[in-house]
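Inside the fold
As a plain string of letters, each chain reads:
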Amino acid sequence: QDYFHQFLCITEREELIVPILAIGARAILDFPGQLDFSECPVKYSSQKTLLVRNLGNRAAHYQLSTQSPFCVTPAMGTLGIGDSMQVTVGFQPLKTGSHSASLTVHYDTGEDTHTNLHGRAVDVHIRLDRNAVTFGKTYITRSNHATVLIHNLSNITAHFQWKAVDTQEKEDQMKLRLCQQDKDKLSDFLKESRVDTTHREYSALLTHTLQRVRAKVQEDPMLFYDGIFCLEPKEGEIWPSCSAEISVFFKPQEARVYNQAVYCNISGRETRLPLLLIGEGVGPWLHFRFEELNIGEVFIRATHRYEVILFNKGPLEAPFSLLPPITAMGSCFTFLPQKGIVVPDRFQTIHISFCPTILGEFQE
C-alpha cells in the first residue's frame, strides 16, 4: 500500500504545503520485455522456460495470462522475496504465419506488467509416400491389404491421427450435429417416458444430461471409422527422421467400386494430408459352359429337353435364382432348379424343357 500525506507549514506571510509520499512494498518479477520463439512447426507445441526472480521487497501474489496460440504455466501463485521459479511459455499455432500476443503479469496490488510474445509457424517436411491406394478386385466379405508410409523428415516428434474430414471446421460442425441429434433424442425420450416430474426438474435433468453428452462429444477425437476401409494404427507418434507404416484394409460388402478419401492430421503440417482409397468388390463368379443354345427347327406343341452346366469358378458360395421370363415365347420354357447355391469349384446342372406354342423364329 502507498501512503500520501500533506504537511502544512504556516508562517506570518504564507502557508506552505509539503507533500509526503511513501511507496509501499512491491513485488517485482523480472520477466523480459520480449520473448521471441522464431520459427516453429505448425500444430506442434514449442516451449521456452524462463527463470523468474522476485526482485521486490514483498512476496509476489501473481496471476499470469496470455492469448492463443500462446499459453503459460503456472497460471497463478506466490513467490517470496528473492526467490526464483520456472515459468513455461508455450507456443502451439494451428495456422502458418506470424503470431503475436501479450503475456500479462497481474499483481495483487493492482499493477500489471507485460511481455511481448512473438512466433512464426511453418510447415515442416512430413509427407505420405503416395496420395492414393488402389486395391485389386476383391471378393465380397474377403479382405485385401496394402501399406502406406508416413515419412517424418523433420526434427520433431510428430503425432498423427486419421480423420474422415479435411478441416477442423468441418469436424467441429460434425460435433455440433451430433450434439443436436443427442439433444433431440434425449428430449423425445423424456417426453415419451412417464416419469412424473415438474417443468423445473425436467429442465434441470435435460441440462445436466446434455452437459455430459456435449463433454463426451468434445473429447471424441473423431478418428476415421468405416466398415469397408480400415487403417491401423489410427493414431500414433513418429520420431524425427523416421517413418510409420500404416496398414490399409479393404473389405467390400457389395459388388461395386468404392471410393473413400481419408485425411492425416499430423503435427508440423497445417493442412491434413489427403489419401484416396479405391477398391472394387467382386461377387461370386458363376458362368455357363456355353452362352448360346441353338435349338434349331422343332415341332410345335412337342416337348424338347436340354441341359446346361452352371460352374462356380470363384472362392465364394454362389446363390442363384431364375428371373421368370415375361415374353410370350419365354413362357414356353421351364427351368429346373429355379434357385439354389453352387459351392466353390463345383457345378449345377440346369434342366430346360421347351414346348413351343407359337410358330416362327425366336430368340430369347
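Residues take numbers from 1 onward in each chain, read along the sequence in its written order. Local features in this predicted model are restricted to residues of pLDDT 70 or higher, and side-chain atom pairs are both shown and tallied only at a pLDDT of 80 or more, whereas totals for entire chains, interfaces and linings draw on every residue. Values reported for side chains reflect all heavy atoms of the structure, with hydrogen atoms and water molecules removed beforehand.

With an unreviewed UniProt entry as reference, the protein chain is termed HYDIN protein, source organism Toxostoma redivivum.

**Points about the sheet that holds strand 3 (residues 34–41)**
How we decide: Strands qualify as paired when DSSP identifies two bridges or more between them. Only DSSP runs of H or I with at least four residues qualify as helices, and only runs of E with at least two residues qualify as strands; both kinds are numbered from the N terminus onward. The convention used is that axes are lines fitted to C-alpha atoms, helices contributing only their stretch in contact, and that angles between N-to-C directions extend from 0 to 180 degrees.
With mixed pairing, 5 strands are arranged side by side in an open sheet as 3-10-9-5-7. The open sheet has two free edges, formed respectively by strand 3 and strand 7 (76–79), since each of these has just one partner strand. Each strand of the sheet is rotated relative to its neighbour by a mean of 25°, with strand direction disregarded. Bridge count between strand 9 (residues 97–107) and strand 10 (residues 112–122): 10 bridges; the pairing is antiparallel. By the bridge assignment for strand 10, Gly97 is matched with Ala121.

**Some remarks on the side chain of Asn152**
The cut-off we apply is this: Here the term buried applies to any residue with accessible area under 20% of the maximum for its type, exposed to any over 50%, and partly exposed to those in between, with areas from a 1.4 Å probe on protein chains only. Pairing of N or O atoms within 3.5 Å defines a polar contact, subject to two protein rules: one partner must be a possible hydrogen donor and the other a possible acceptor, and residues neighboring in sequence count only if both atoms are side-chain atoms. We call two residues in contact when some of their heavy atoms are within 4.5 Å.
Along the chain, Asn152 falls in strand 14 (residues 144–152). Residue classification places Asn152 among the buried positions, given a relative accessible area of 0%. Polar contacts involving the side chain of Asn152 include one to the side chain of Ser154, which spans 2.6 Å. The contacts of Asn152, once residues within four sequence positions are left out, are His125, Ile126, Ala158, Ile238, Trp239, Pro240, Ser241 and Cys242.

**Some remarks on the UniProt feature "domain: HYDIN/VesB/CFA65-like Ig-like" (unreviewed entry) in the protein chain**
Where we set the bar: UniProt positions are given in the numbering used here, feature names are shortened, and annotations may be inferred rather than shown by experiment.
As recorded in UniProt, the feature "domain: HYDIN/VesB/CFA65-like Ig-like" (unreviewed entry) lies at residues 27–119 and 284–364. End C-alpha to end C-alpha, residues 27–119 measures 29 Å, and it is 0% helix and 61% strand. Helix makes up 0% of residues 284–364 and strand 40%, whereas the separation of the span's terminal C-alpha atoms amounts to 25 Å.

**Some thoughts on the pairing of strand 6 (residues 70–73)**
Taking every second residue as pointing to the same face, the buried face of strand 6 carries Phe70 and Val72, while none of Cys71 and Thr73 on the other face is buried. Sheet topology note: the strand 6/strand 8 (residues 84–91) ladder contains 4 bridges and is antiparallel. By the bridge assignment for strand 8, Thr73 is matched with Thr88.

**Some points on the packing of aromatic side chains**
Filter applied, for reference: Aromatic pairs are defined between Phe, Tyr and Trp rings, using the six-membered ring for Trp, whenever the two ring centres lie within 6.5 Å; interplanar angles under 30 degrees are classed as stacked, those over 60 as edge-to-face, and all others as tilted.
Applying the stated criterion to the full structure yields 12 aromatic pairs. The interplanar angle of 50° and the centroid separation of 5.9 Å between the aromatic rings of Phe37 and Phe70 together place this pair among those described as tilted. Separated by 33 residues along the polypeptide, Phe37 in strand 3 and Phe70 in strand 6 bring together distant segments of the chain. Look at Phe37 and you get buried, because its relative accessible area is 5%. For Phe70, a relative accessible area of 5% gives the class buried. On the numbers, 5.4 Å between centres and 45° between planes, the contact of Phe37 with Phe91 is tilted. Taken together, the residues Phe37 in strand 3 and Phe91 in strand 8 connect sequence positions 54 residues apart.

**Focus on the environment of Thr104**
Secondary-structure assignment places Thr104 in strand 9. Note: C-alpha distance between Thr104 and Pro315 (211 residues apart in sequence) is 70 Å. Ignoring any residue separated from it by four or fewer positions in sequence, one finds Thr104 in contact with Gln63, Leu64, Ser65, Asp112, Thr113 and His114. At 3.2 Å, the side chain of Thr104 and the side chain of His114 are in polar contact.

**Some details on the pattern of salt bridges**
Selection criterion: Should a side-chain nitrogen of Lys or Arg be within 4 Å of a carboxyl oxygen of Asp or Glu, the pair is scored as a salt bridge.
Within the structure shown, the criterion is met by 7 salt bridges. For Arg58, the salt bridge is made with Asp108, and the minimal N-O distance between the two is 3.2 Å. Here Arg58 is found in the loop between strand 4 (46–53) and strand 5 (60–65), whereas its partner Asp108 is found in the loop between strand 9 and strand 10, with 50 residues between them in sequence. Judged by relative accessible area, Arg58 falls into the partly exposed class, the value being 22%. For Asp108, a relative accessible area of 45% gives the class partly exposed. Lys163 is the partner of Glu171 in a salt bridge, and the nearest nitrogen-oxygen pair spans 3.3 Å. We note that Glu171, like Lys163, is buried.

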